[in-house]
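The primary structure of each chain is shown beneath.
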Amino acid sequence: MICVVDYGVGNLYSLTCSLRHIGAQCVVSKEERDLREAERIILPGVGAFGDAADKLRLLKLDGLLKELAAMGKPLMGICLGMQLLFQKSYEYGEHAGLGLIPGVVRPLAPTLEAGAKVPHMGWNSLTFQQPKDGLLRGVREGDYVYYVHSYYATDCQQALVATSVYGSVTVAGAVRNGNVCGTQFHPEKSGEVGLTILSAFAKGDALC
Amino acid sequence: MLTKRIIPCLDVRNGRVVKGVNFEGLRDVSDPVTLAKYYNDSGADELVFYDITASAEGRPLFSDALKAVAAEVFIPLTVGGSINGLEDFDRVLKCGADKVSVNSGAIRHPNLIADAAKRYGNQCVVLSMDVKRVNGQFHVFAMGGREDTGMDAIEWVKRAEQSGAGEVVVNSIDTDGVRRGFDLEMLKAVGEAVKLPIIASGGAGCREDFAKLFELPCVDAGLAASIFHSREVDVRELKQFLANLGIAMRTVER
């Protein structure tokens, strides 16, 4: 059973549909018991980092997620959920993340060349940094995934599993630190490639 | 590398696609799920569902159709048509839409774009505008292209960008249905005014029209309806054709 963390950030319909589509059982919940009982946890998220981090804290999910991650439970963050796994973000101020993966989230705009569009939105190809990572099982280098984001993870060289190039920026597409992993792109919106990645996580292949 | 996008647009009335795809292999040509799967398998990068249901009673049928599509097709879905307030955003997002496009609703309700962007994020709000030349100026038309608002399209799209729109669909009434190519002049004018991703609509007649379209760096996507549905242009073949020309395209295997 996968627990999709429901902390009031974004729309979970497509994600739960895609998990059911690949045959994974899932529950959408913010209850401590469900998170503890789940074999794996997915932390989704759309919106602003600061708001999302506050909501996790208010629901007392930040400590719980850290505790469960430390116990070795596989945890996958998607989009903003991935960004929350890092140490901090500079989205509208400075906000602390869960600190489960070393790295810092920064805005794309100052690094991009003038005239480049933000958000980075659309299908972009993957370059593998850790081709043997289980998250990429069944995925080929050059496959396309769907991104929508204006901030990106930096200073996370050790965690990079796959990247995409947008203008002058190398975007952290998929990252991992032990049992904690994440994707900046939306696997639930990335067609067959995305479903393959979700399956890899759901079936536990993602554990190195 | 970020690709250019090809987007089929489907008109839906009372939960059924109005102009079905002309394809022998499909059993039910007006079933939204069948068509969405067909386009997904062809490599469409995104789908737009336009709700043209006239009555409020038909609205739940659209919601049900959208839910059914989102449960089986995992690419971005944009919904437009009859979006007049946040409650409409809420309704379609809950059914699996990723983006919502506003047209006349944003003209009637000046705060709609800003309010929606604040609540759901810029990436969720798409401005769709129907534009026609009037006395040498680009005018925004409302009510499905029937009513000249007198508003300057360039000013309108700039205002929408400032309000928080995340993307713009430019539908040229002048080239729509003519099938002699997209309105490159109009698209260029919009591209020079804003930094938003631009989706071009209106005028595609053949695959070469898309090749010409993507020579404009400011254009991110090409949207069409009837030429895809009639299969005069096949999405899979089109994408392969464009990829062979060196245009960044996501292609899928059979």
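The structure this text deals with has already been given above.
To start, this report covers the structure provided alongside it. (Residues numbered from 1 in each chain as written. Chains lettered and ligands numbered in written order. Predicted model: local features only at pLDDT ≥ 70, side-chain atom pairs only at ≥ 80, totals over all residues. Heavy atoms only, no water.)

**Some thoughts on the nonpolar core**
Within the largest apolar cluster, 84 residues are counted, with the highest numbers of intra-cluster contacts made by B:Phe49, B:Phe89, B:Met129, B:Phe210, B:Phe228 and B:Leu242. The contacts of B:Phe89, once residues within four sequence positions are left out, are B:Ile83, B:Val100, B:Val102, B:Leu112, B:Ala116, B:Tyr120, B:Cys124 and B:Val125. Counting 40 residues, the second largest nonpolar core, distinct from the first, contains A:Val4, A:Leu19, A:Ala116 and A:Leu126. (Core = buried A, V, L, I, M, F, W, Y, C linked by side-chain atoms within 4.5 Å. Buried < 20%, exposed > 50% of the residue type's maximum accessible area, 1.4 Å probe, protein only. Contact = heavy atoms within 4.5 Å.)

**Looking at the sheet that holds strand β1 (residues 2-5) of chain A**
Residues and elements named next belong to chain A. What the eight strands build is an open sheet, ordered β2-β1-β3-β4-β14-β13-β12-β9; its pairing is mixed. The two strands at the open ends of the sheet, each matched to only one other strand, are β2 (26-29) and β9 (127-128). Bridge analysis of β9 against strand β12 (residues 160-166) gives two bridges, and the strand direction is antiparallel. Along β12, the bridge assignment pairs threonine 127 with threonine 163. Contacts between helix α1 (residues 13-21) and the sheet are confined to β1, β2, β3 (40-43) and β4 (75-78), with β2 contributing the most and set at about 160° to the helix. Running at roughly 135° to β3, helix α4 (residues 61-70) makes contact with β1, β3, β4 and β14 (180-183) of the sheet. (Pairing = 2+ DSSP bridges. Helix = DSSP H or I, 4+ residues; strand = E, 2+ residues; numbered from the N terminus. Axes fitted to C-alpha atoms, helices over the stretch in contact; angles between N-to-C directions.)

**Quick look at the packing of helix α1 (residues 32-42) of chain B against helix α2 (residues 59-70) of chain B**
Between two packed helices, the angle of one axis relative to the other and the distance separating the axes together describe the packing. All names here are of chain B. For the pair α1 and α2, the least separation of the axes is 9 Å and the interaxial angle reads 35°. The handedness of the crossing between α1 and α2 comes out as right-handed. Counted together, Pro32, Val33 and Ala36 of α1 and Ala65, Ala68 and Val69 of α2 form the full contact between these two elements. A breakdown of the residues in the contact of α1 with α2 according to their chemical character gives six nonpolar, no polar and no charged. (Left-handed = near helix turned anticlockwise from the far one by under 90°. Nonpolar A, V, L, I, M, F, W, Y, C, P; charged D, E, K, R; others polar.)

**As for the interface of chain B and chain A**
With 33 residues of chain B at the contact, the number on the chain A side is 27 residues. For the pairing of chain B and chain A, the buried interface totals around 2,400 Å² over both sides, and the portion due to carbon and sulfur atoms is 57%. Looking at the side of chain B facing chain A, the largest losses of area belong to B:Leu2, B:Phe74 and B:Lys195, adding up to 30% of the total buried there. The interface formed by chain B and chain A contains two salt bridges. A salt bridge links B:Asp98 to A:Lys189; the nearest nitrogen and oxygen atoms lie 2.8 Å apart. Where chain B packs against chain A, one counts 15 residue pairs in polar contact (both at pLDDT 80 or more). (Buried area = accessible area lost by both parts, 1.4 Å probe. Salt bridge = Lys/Arg side-chain N within 4 Å of Asp/Glu carboxyl O. Polar contact = N/O pair within 3.5 Å; in protein donor to acceptor, adjacent residues only side chain to side chain.)

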